[in-house]
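# Fold and contact review
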Amino acid sequence: MVLTKTDLKKYFNADLQANGFKSYRNYLFKLFYGNERAYSVHYLRSLRRYEYYLNTNSILKHLWRYINRRRSLKYGLVIGSNMVGPGLSISHLQGGIIINCFKMGANCSVAGGVVVGNKDSQDNRAYIGDCVHLTLGAKVIGKVTIGDNVVVAPNSVVVKDILPNSVVSGIPAKVIKVLD
């Protein structure tokens, strides 16, 4: 959760590094020339600012909510405020990405077409651990817990809890490999 300017800077830097940028200048250069990863960081920067101003209850939260929603429509990303940890990596924007969970840990990565959603009510949402990789078209539905260091294979549908350090695949997703 972004509560101070120090937290905001930490989240900015973690998101830059997770998406492969060495510096803020490198990010601006790629953004100017239309890099897809730069677009995802562009969205994440507005999300982080909106979270900061929302948590500090500043009047600027209305401005950053508007900017965040505009970028959300532009890039096809829908990520709720205060849901994802620092270091979120978004590899592809095509297909849209929707993340509606209670908490997603640090250093996670998502690809295009990923949906993390609720089932029937806002109480039935997922908890996702650190270093989780949601690959192309993966779906996480309902009140599930995904442990740390999990890889969800392409086009898999997770409807049950997943233990840490594993690879899951299928509809519904089953553990196919346990990582050491």
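Check the entry above for the structure.
This part is about the overall build of the chain. Counting secondary structure elements, the chain contains 4 helices and 14 strands. Expected size for 180 residues packed as a compact globule is a radius of gyration near 16 Å; at 16 Å, the chain falls within 12% of this value. Overall size of the chain, expressed as C-alpha extent along the three principal axes, is 45 × 35 × 30 Å. For the chain, the computed accessible surface area is about 9500 Å², with 56% contributed by carbon and sulfur atoms.

What follows is about the packing of helix 2 (residues 24-32) against helix 3 (residues 36-55). For any two helices packed against each other, the geometry comes down to the angle between their axes and how far apart the axes lie. One way to put it is that helix 2 packs onto helix 3 with a least axis distance of 9 Å and a crossing angle of 115°. Seen along the crossing, helix 2 lies across helix 3 with a hand that is left-handed. Contact residues: helix 2 offers Tyr24, Tyr27, Lys30 and Leu31, while helix 3 offers Ala38, Tyr39, Val41, His42 and Arg45. When the residues that make up the contact of helix 2 with helix 3 are grouped by side-chain class, the tally is 6 nonpolar, 1 polar and 2 charged.

As a rule of thumb, soluble globular proteins bury nonpolar side chains together. Ile90, Ile99, Met104, Val116, Leu134 and Val158 are the most contacted members of the largest nonpolar core, which totals 33 residues. Once residues within four sequence positions are removed from consideration, Val158 is found in contact with Lys139, Val140, Ile141, Val144, Ile146, Val152, Val168 and Ala173. With 8 residues, the next largest nonpolar core counts Val2, Leu8, Tyr52 and Tyr53 among its residues.

Bringing the pattern of salt bridges into the picture now. Tallied over the full model, the rule gives 2 salt bridges. The partner of Asp15 in a salt bridge is Arg48, with the nearest N and O atoms 2.9 Å apart. Here Asp15 is found in helix 1 (residues 5-18), whereas its partner Arg48 is found in helix 3, with 33 residues between them in sequence. The residues Asp15 and Arg48 share a single accessibility class, namely buried. The partner of Glu51 in a salt bridge is Arg48, with the nearest N and O atoms 3.5 Å apart.

Definitions and cut-offs
Residues numbered from 1 in each chain as written. Predicted model: local features only at pLDDT ≥ 70, side-chain atom pairs only at ≥ 80, totals over all residues. Heavy atoms only, no water. Helix = DSSP H or I, 4+ residues; strand = E, 2+ residues; numbered from the N terminus. Rg over C-alpha atoms; globule rule 2.2 N^0.38 Å. Areas by Shrake-Rupley, 256 points an atom, 1.4 Å probe, with all protein chains shown as cover. Axes fitted to C-alpha atoms, helices over the stretch in contact; angles between N-to-C directions. Left-handed = near helix turned anticlockwise from the far one by under 90°. Contact = heavy atoms within 4.5 Å. Nonpolar A, V, L, I, M, F, W, Y, C, P; charged D, E, K, R; others polar. Core = buried A, V, L, I, M, F, W, Y, C linked by side-chain atoms within 4.5 Å. Buried < 20%, exposed > 50% of the residue type's maximum accessible area, 1.4 Å probe, protein only. Salt bridge = Lys/Arg side-chain N within 4 Å of Asp/Glu carboxyl O.

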